[in-house]
Amino acid sequence: MRVVVILVVIILTSAVLFAAAPQRGGGQRGGGQRGNAEPSPPHDPHDLSGIWVRRGGALSLSDNPPPFTPEGKKRFDANKPSYGPRSIPPALGNDPMGNCDPLGIPRLLVLENNPGDFEFIQIPGRVLQIFDRHHVHRIIWTDGRELPKDPDARMLGWSVGQWEGDTFVVKSNGFDERTWLDHFGYPHSDEMTLEERYHRLDRDNMQMVITLTDPVIYTKPWVSETKNLRLSPLKDFVDELFCIPSEEQAFNRRIRNPAGGLTGKE
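Predicted, not measured: the structure shown is a model, and the values here were computed from it.

Peer 1: What's the story with the overall build of the chain in this structure? I'm lost.
Peer 2: Along the backbone of the chain there are three helices and 10 strands. Mapped from its N terminus to its C terminus, the chain presents α and β elements in the order α-β-α-β-β-β-β-β-β-β-β-β-α. For the chain, the computed accessible surface area is about 15,500 Å², with 55% contributed by carbon and sulfur atoms.

Take a look at the structure:
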């Protein structure tokens, strides 16, 4: 009798505990949503402030660029990168980064050179992007002004932004064509325009999509894959990662040039 009583108690206790335990799958087979998932911490969808780090994805706008125009193919072939399927020894290449030249936009945005985080700072009338690579800042005007009609070319271009619902839309023009789009050597002209769309999904996650239009180089717009950005929980400042020409030149003489078979003062 004691054994029977103990078994009955165990069965009843187990049933109570199972009923009280949170169930997974949302009542559906196949792994539906969790019934008692914790809500995302509160955030303002119109506040992008913080340091953001890219999580995975292509090291360019996407892995599938649009077809070149004849001029675009000519410029692409003239660029000699040290990464990717066309890579050659850096000493024999012409990547602007090898001379500490500015990387420009969108190359800084695709974060091709890790560590690659940037910070958003929002103040009245403008949004600042602070990039750790080369420690440069970009101004996105939000005071209602329009893009200049015939701008002087700049490495970071000219940018204005506005909110469309919960998406921050940035439009840019006036880019200096000496910069590359990425470290694979994809070119652009001074007629390139960009549209960036930032959407904060929750406190810790944001998505970015870039659309590049450049009829001189590409036969149709290049729409990037969706870039996933994660709020950095461990940093409250971007690193000071300057590219110092004198140090870069010393490295070239000591390491890069000999590795590429160059000697002397090449």
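Peer 1: Even after reading the chapter, I still don't get the pairing of strand β5 (residues 158-164), so can you show me in this structure?
Peer 2: Consecutive residues of a regular strand have side chains that alternate between opposite faces of the sheet. Of the pairings in the sheet, the one linking β5 to strand β6 (residues 167-173) comprises seven bridges and is antiparallel in character. Residue pairing for β6: Ser159 is matched across the bridge by Ser172. In textbook terms, the turn of a hairpin is the stretch between consecutive antiparallel strands, and for β5 and β6 this stretch comprises two residues, one of which, Gly165, has a positive phi near 65°.

Peer 1: Got a minute to help me understand the environment of Glu248 in this structure?
Peer 2: Along the chain, Glu248 falls in helix α3 (residues 245-259). Residues Glu248 and Asn99, 149 residues apart in the sequence, show an inter-C-alpha distance of 7.0 Å. With residues near it in sequence (within four places) discarded, Glu248 still touches Met97, Gly98, Cys100 and Cys243.

Peer 1: Help me understand the packing of aromatic side chains in this model?
Peer 2: Between two aromatic rings, the relevant description is the distance of the centres plus the angle of the planes. With the rule as written, the count across this model stands at 10 aromatic pairs. Judged by centre distance (6.0 Å) and plane angle (20°), the ring pair of Phe68 and Tyr186 falls under stacked. Of the two residues, Phe68 sits in the loop between β1 (50-54) and α2 (70-78) while Tyr186 sits in the loop between β6 and β7 (193-200), which places them 118 residues apart along the sequence. In textbook terms, an aromatic cluster arises when at least three aromatic residues are bridged by ring pairs, as seen for Phe68, Phe76, Tyr186, Tyr218 and Trp222. Geometry around Phe76 places Arg86 over its ring, the cationic atom sitting 3.7 Å from the centre. Cation over ring: Arg145 sits above Trp141, and NZ or CZ is 3.7 Å from the ring centre.

Peer 1: When you look at the environment of Pro66 in this model, what are you seeing that I'm missing?
Peer 2: With respect to the element layout, Pro66 can be found in the loop between β1 and α2. Along the backbone, Pro66 and Lys220 are 154 residues apart, and their C-alpha atoms lie at a distance of 6.3 Å. When sequence neighbours within four positions are dropped, the list of residues in contact with Pro66 reads Tyr218, Lys220, Pro221 and Trp222.

Peer 1: In this structure, what is going on with the confidence of the model for the chain? I would like to understand it.
Peer 2: When pLDDT drops low, the exact placement of atoms in the prediction is not to be read closely. Across the chain, the average pLDDT comes to 82, with 79% of residues at or above 70. Under a pLDDT of 50 for its full length, residues 3-34 has, in the predicted model, 10 contacts with residues more than four places off or in other chains.

Peer 1: How should the pairing of strand β3 (residues 126-131) be read in this particular structure?
Peer 2: Of all six residues making up β3, five are buried, and the element is well covered by its neighbours. Relative to β3, strand β2 (residues 117-123) runs antiparallel, the two being bridged by six bridges. What sits directly across from Ile123, in β3, is Arg126. Between β2 and β3, which pair antiparallel in sequence order, lie two residues; one of them, Gly125, sits at a positive phi of approximately 90°. Relative to strand β4 (residues 136-141), β3 runs antiparallel, the two sharing six bridges. Residue Arg126 lies in a different strand from β4, and its bridge partner there is Trp141.

Peer 1: Could you clarify how one ought to interpret the layout of surface pockets in this entry?
Peer 2: Over the atoms rolls a probe the size of a water molecule, and its path tells where empty space is left. Space inside the largest pocket adds up to approximately 540 Å³. Surrounding the largest pocket, 28 residues form its lining, Asp95, Met97, Gly98, Glu248 and Arg256 being those nearest its centre. Taken together, the residues of the lining of the largest pocket sort by class into 13 nonpolar, nine polar and six charged. Of the residues in the lining of the second largest pocket, the class split is nine nonpolar, two polar and three charged.

Peer 1: Before we go on, may I ask you to explain the nonpolar core in this structure?
Peer 2: Soluble globular proteins tend to pack their nonpolar side chains together in the buried interior. Residues Ile105, Phe120, Tyr198 and Leu212 are the most contacted members of the largest nonpolar core, which totals 33 residues. The element that contributes the greatest number of residues to this core is strand β8 (residues 205-213), accounting for four residues. Those residues within four positions of Ile105 in sequence are excluded, and the remaining contacts are Phe131, Arg138, Met155, Leu156, Phe175, Met192, Leu194 and Glu196.

Criteria and thresholds
Residues numbered from 1 in each chain as written. Predicted model: local features only at pLDDT ≥ 70, side-chain atom pairs only at ≥ 80, totals over all residues. Heavy atoms only, no water. Helix = DSSP H or I, 4+ residues; strand = E, 2+ residues; numbered from the N terminus. Areas by Shrake-Rupley, 256 points an atom, 1.4 Å probe, with all protein chains shown as cover. Pairing = 2+ DSSP bridges. Contact = heavy atoms within 4.5 Å. Phe/Tyr/Trp six-rings, centres within 6.5 Å; stacked < 30°, edge-to-face > 60°. Lys NZ or Arg CZ within 6 Å of the ring centre and 35° of its normal. pLDDT = per-residue confidence, 0-100. Buried < 20%, exposed > 50% of the residue type's maximum accessible area, 1.4 Å probe, protein only. 1 Å grid on protein atoms, 1.4 Å probe; cavity = no way out; pocket = protein on both sides within 12 Å on 5 of 7 lines; lining within 4 Å. Points joined across faces, edges and corners; volume = space filled by probe spheres on them. Nonpolar A, V, L, I, M, F, W, Y, C, P; charged D, E, K, R; others polar. Core = buried A, V, L, I, M, F, W, Y, C linked by side-chain atoms within 4.5 Å.

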